[in-house]
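The primary structure of each chain is shown beneath.
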There are 2 protein chains.
Amino acid sequence: MACGEFELIARYFNRVTSSRRDVEKGIGDDCALLNVPEKRTLAISTDTLVEGVHFLRDIHPADLGYKALAVNLSDLAAMGADPAWLTLALTLPDIDEAWIAAFSDSLFESLDYYDMQLIGGDTTRGPRSITLGIHGLIPAGKALKRSGARPGDWIFVTGTLGDSAAGLALLQHHVRIDDPAVHEALIKRHLRPMPRILQGQALRNLASAAIDISDGLIADLGHILQASGCGARLNLDAMPLSSTLRDHFTPEQSLRWALSGGEDYELCFTVPEINRGALDVALGHLGVPYTCVGQMTSESEGLVLLQQGDAVKLNLKGFDHFDS
Amino acid sequence: MACGEFELIARYFNRVTSSRRDVEKGIGDDCALLNVPEKRTLAISTDTLVEGVHFLRDIHPADLGYKALAVNLSDLAAMGADPAWLTLALTLPDIDEAWIAAFSDSLFESLDYYDMQLIGGDTTRGPRSITLGIHGLIPAGKALKRSGARPGDWIFVTGTLGDSAAGLALLQHHVRIDDPAVHEALIKRHLRPMPRILQGQALRNLASAAIDISDGLIADLGHILQASGCGARLNLDAMPLSSTLRDHFTPEQSLRWALSGGEDYELCFTVPEINRGALDVALGHLGVPYTCVGQMTSESEGLVLLQQGDAVKLNLKGFDHFDS
């Protein structure tokens, strides 16, 4: 790297808006230097978004900047972490200043909102893709792992499910809705998911396990089952569907999106009976609904889907980058 | 992500060979969980390697696995850090099991060697590229920054410079050498650089500034000058050139590669006069030569290149991904 690239990075990504006390050295050396506060565990996750695979070629750069961070924040939320630092590896086919300006403006707006700091990165030429490395902090011993669920624990999800998948189907012209306001609202659910950071933090002392729903409830709950060595009964009648979904699509289509559409970035978490009463205090004031959708069982029962009390089978699968 | 991709990751990347005590949770949850020891500063760096830009299309996957890690380790070395954890974001056009096996075998061999642990990642489909996030630990206050050099400090480099650039020129058929052993040796310098981790650690209490040479000595020393607010005199007659380079290429060609070829992954560091005597004790037993190539001056002098005592000008530039 030399002049041109450094100038590019300096101009658009080297703007330190929030200077966190735990950042000893941010952008501008061989490594960033960070001081983790005492009695805090560090949570690290990384995600890659590739053009044509994870985002559509014509996505607005502001939406991409927002979503790339939101997707990674969602991983922190699922652990109950406080967002802290970000690294950004950006691969671009060319220098398009308007694109970079819109992307970075949007990214920094979110970074400010979450009091995060961009601490490093790499800008390279190539097919457009984005890899974020996200770092959060959790009080020691309080992380929400996938492995803590036990038979009898109640299964909850935040928000409503399936709207993001409906929004994607609209963007891809697989379905259509005549009302432009409804059309826009669903697309926004796909492009601008709200990572459930506050909910994750509030669940630190209550939930036995948690995961964020990126691949669809069935696939992601499956990871909790596997990690915890449990089965589960999932009550399909209880799925939280938005009124938008109910009003404009068939119950079958809505349910399919809710169970396997993916990219909801809501939290799926399990709560022991003894903590169920405390949930209202912890989550009630945060303005996002949460719904009990089932109960953990023993491993031998596997995953059972119930509709009006009867076990049903659905041919559903999550999103797989190589099998799809 | 669902079955196929998870199986792929599980089979090749989920082999925990070294289980570090500071890793509370590695691969397999929404985030990895790490506990930074007391009085340690965390060093973080990220680098992307794109096919056709940073590595040749026909590179052997074992060489790529080695070099991707070595390049990132070199950033840790330049800070004086102990290697600790790695995240791997791997984008592949398809599932080629032989490729993945060779790549991951090579990567894990290096991880073992440095007692590092792979703590997470993301495997996606797309044009081949690799983004590594590397994490190291440094005794608090001992990091080697670019900004600590002062006028009068001596400028050193480890190893020999320019061999990697000669190796790349051979791989690209821009030059040729008839002796197959020499040919192979130079190509190895390009494909298998040795990150100077031990040297970086040994310099923690001696060097005033350090950087690793990825873009060529001129470009990277320039970063120290800028960050430290200094100028420098660089003695071109002192450049450490390997006997291979001297024997097979003209002095002009060799010097050009040494100054601006890049990808040497040697360290360039500055040492105050008072610490110069201690260098032999610190570096002498590590088996890699180190050479004094100049001295820091005041900022107003800028960077001066000296040949046989006279200031000379060379038309040289480092590697720039967008200007090239």
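Procedures and definitions
Residues numbered from 1 in each chain as written. Chains lettered and ligands numbered in written order. Predicted model: local features only at pLDDT ≥ 70, side-chain atom pairs only at ≥ 80, totals over all residues. Heavy atoms only, no water. Salt bridge = Lys/Arg side-chain N within 4 Å of Asp/Glu carboxyl O. Helix = DSSP H or I, 4+ residues; strand = E, 2+ residues; numbered from the N terminus. Buried < 20%, exposed > 50% of the residue type's maximum accessible area, 1.4 Å probe, protein only. Pairing = 2+ DSSP bridges. Axes fitted to C-alpha atoms, helices over the stretch in contact; angles between N-to-C directions. Expected span 1.5 Å × (residues − 1). Arc of directions from axis to C-beta. Contact = heavy atoms within 4.5 Å. Parallel < 35°, antiparallel > 145°, perpendicular 65-115°, else oblique. Left-handed = near helix turned anticlockwise from the far one by under 90°. Nonpolar A, V, L, I, M, F, W, Y, C, P; charged D, E, K, R; others polar. UniProt positions renumbered as here; feature names shortened; annotations may be inferred. Domains from an automatic or database assignment. Buried area = accessible area lost by both parts, 1.4 Å probe. Polar contact = N/O pair within 3.5 Å; in protein donor to acceptor, adjacent residues only side chain to side chain. Phe/Tyr/Trp six-rings, centres within 6.5 Å; stacked < 30°, edge-to-face > 60°.

1. Describing the pattern of salt bridges
Residue and element names in this part refer to chain B. Scanning the entire structure with this criterion turns up 28 salt bridges over all chains. Of the charged contacts in the structure, one is a salt bridge between Asp63 and Arg192, with a shortest N-O distance of 2.9 Å. Of the two residues, Asp63 sits in helix α2 (residues 61–79) while Arg192 sits in the loop between α5 (180–191) and α6 (197–202), which places them 129 residues apart along the sequence. Using a relative accessible area of 16% as the deciding quantity, one classes Asp63 as buried. Salt-bridge contacts for Arg189 lead to Asp163; the nearest nitrogen and oxygen are separated by 3.2 Å. Taken as a pair, Arg189 in helix α5 and Asp163 in helix α4 (residues 163–171) lie far apart in primary sequence, 26 residues in all. The class for Arg189 is partly exposed, based on a relative accessible area of 28%.

2. Some details on the sheet that holds strand β2 (residues 32–34) of chain A
Taken in spatial order, the six strands line up as β1(A)-β2(A)-β3(B)-β6(B)-β4(B)-β5(B) in an open sheet, and their pairing is mixed. Each end of this open sheet is capped by a strand with a single partner; those strands are β1 (23–25) of chain A together with β5 (117–125) of chain B. Within the sheet, the average angular offset between the axes of one strand and its neighbour, ignoring direction, is 20 degrees. Note: strand β3 (residues 40–50) of chain B against strand β6 (residues 129–139) of chain B, eleven bridges, orientation antiparallel.

3. Some remarks on the pairing of strand β3 (residues 40–50) of chain A
Most of β3 of chain A sits inside the fold, with ten of its eleven residues counted as buried. Two strands pair when backbone bridges link them, and β3 of chain A and strand β2 (residues 32–34) of chain B are joined in this way by three bridges, in the antiparallel orientation. Paired with Ile44 of chain A across the bridge in β2 of chain B is Ala32 of chain B.

4. Observations concerning α5 of chain B
All names here are of chain B. Here α5 is twelve residues long and its end C-alpha atoms lie 16 Å apart, about the 16 Å a rise of 1.5 Å per residue gives. Inspection of α5 places Val182, Leu186, Ile187, His190 and Leu191 among the buried residues, and these make up the whole buried set. Down the axis of α5, the buried side of the element spans an arc of 170 degrees, and every buried residue falls inside it. Exposed positions of α5 whose direction lies more than 90 degrees from the buried face are Ala181 and Lys188. Those residues of α5 that are buried are in contact with α2, α4 and α8 (243–248).

5. Focus: the packing of α4 of chain B against α5 of chain B
Residue and element names in this part refer to chain B. Where α4 meets α5, the closest approach of the two axes is 7 Å, and the angle between their N-to-C directions is 110 degrees. Classified by the interaxial angle, the pair formed by α4 and α5 is roughly perpendicular. The two elements α4 and α5 cross, and the hand of that crossing is left-handed. On α5, the residues that touch Asp163, Ser164, Ala166, Gly167, Leu168, Leu170 and Leu171 of α4 are His183, Leu186, Ile187, Arg189, His190 and Leu191. Considered class by class, the residues forming the contact of α4 with α5 number seven nonpolar, four polar and two charged.

6. Quick notes on the UniProt feature "domain: PurM-like C-terminal" (unreviewed entry) in chain A
Cross-referencing UniProt, the feature "domain: PurM-like C-terminal" (unreviewed entry) maps to residues 150–299 of chain A in the present numbering. With 40% helix and 19% strand, residues 150–299 of chain A has its two end C-alpha atoms placed 10 Å apart.

7. Some words on the UniProt feature "binding site: Mg(2+) 5" (unreviewed entry) in chain A
Residue and element names in this part refer to chain A. Mapped onto this numbering, the UniProt entry gives "binding site: Mg(2+) 5" (unreviewed entry) at Asp215. For Asp215, the location among the structural elements is in the loop between β8 (209–212) and α7 (217–228). Asp215 sits in the buried class, given a relative accessible area of 8%.

8. As for the environment of Leu64 of chain A
Residues and elements named next belong to chain A. Within the fold, Leu64 resides in helix α2 (residues 61–79). It is 8.6 Å that separates the C-alpha atoms of Leu64 and Leu107, two residues lying 43 residues apart in sequence. Other than its neighbours up to four places away in sequence, Leu64 contacts Phe55, Ile59, Trp99, Phe103 and Ile130.

9. Here's the deal with unusual backbone geometry
A positive phi angle, close to 55 degrees, is found at Asp115 of chain A, a residue other than glycine. Considering the arrangement of structural elements, one finds Asp115 of chain A in the loop between α3 (97–113) and β5 (117–125). Judged by its relative accessible area of 42%, Asp115 of chain A is partly exposed. A positive phi angle, close to 55 degrees, is found at Tyr265 of chain B, a residue other than glycine.

10. Structural notes on the domain arrangement of chain A
Residues and elements named next belong to chain A. Entries for chain A in the domain assignment read domain 1 (3–139) and domain 2 (146–312). Distance between the C-alpha centres of domain 1 and domain 2: 27 Å. Taken together, the contacts link 23 residues of domain 1 with 19 residues of domain 2. Between domain 1 and domain 2 lies a buried interface of about 1,800 Å² when both sides are counted; carbon and sulfur atoms form 57% of it. Put simply, domain 1 and domain 2 have three salt bridges between them. Applying the counting rule to domain 1 against domain 2 returns nine residue pairs in polar contact (both at pLDDT 80 or more). Here the side of domain 1 that touches domain 2 takes twelve residues from α2, the largest share from any one element. When its residues are assigned to classes, the side of domain 1 that touches domain 2 shows 16 nonpolar, three polar and four charged.

11. So, helix α9 (residues 251–260) of chain B
Residues and elements named next belong to chain B. Residues of α9 that are buried include every one of Ser254, Leu255, Trp257, Ala258, Leu259 and Ser260, and no others. Along its buried surface, α9 packs onto α4, α7 (217–228), β9 (230–235), α8 and β12 (303–307). Taken from the residues just after α9, Gly262 is the one with a positive phi, measuring 85 degrees.

12. Let's talk about the sheet that holds β2 of chain B
Strand-to-strand pairing in sheets goes through backbone hydrogen bonds, with the strands running parallel or antiparallel. Taken together, six strands build an open sheet; the order of strands is β5(A)-β4(A)-β6(A)-β3(A)-β2(B)-β1(B) and the sheet is mixed. This sheet does not close on itself; its edge strands, each paired only once, are β5 of chain A together with β1 (23–25) of chain B. For this sheet the average axis-to-axis angle between neighbouring strands, irrespective of direction, equals 20 degrees. Across eight bridges, strand β4 (residues 82–92) of chain A lies against β5 of chain A in parallel orientation. The residue of β5 of chain A that forms the bridge with Leu92 of chain A is Arg125 of chain A. Where α2 of chain A meets the sheet, it contacts β3, β4 and β6 (129–139) of chain A together with β2 of chain B, and its direction lies at approximately 35 degrees from that of β6 of chain A. Strand contacts of α3 of chain A: β4, β5 and β6 of chain A, with the helix running at about 170 degrees to β4 of chain A, the strand carrying the most contacts.

13. What to know about the packing of aromatic side chains
Under the counting rule described, the total for this entry stands at twelve aromatic pairs over all chains. Summarising the aromatic geometry, the rings of Phe249 of chain A and Trp257 of chain A are spaced 4.8 Å apart at their centres and angled 85 degrees between planes, so their arrangement reads as edge-to-face. In this structure Trp257 of chain A comes out as buried when scored by relative accessible area, which is 10%. Pairing Tyr113 of chain B with Tyr114 of chain B gives two aromatic rings, centres 4.8 Å apart and planes at 80 degrees, and the pair type is edge-to-face.

14. Brief notes about the pairing of β6 of chain B
All names here are of chain B. Among the eleven residues that make up β6, ten are buried, leaving the element largely enclosed by the rest of the structure. With nine bridges joining them, strand β4 (residues 82–92) and β6 adopt antiparallel strand pairing. Within β6, the residue paired with Asp82 across the bridge is Leu137.

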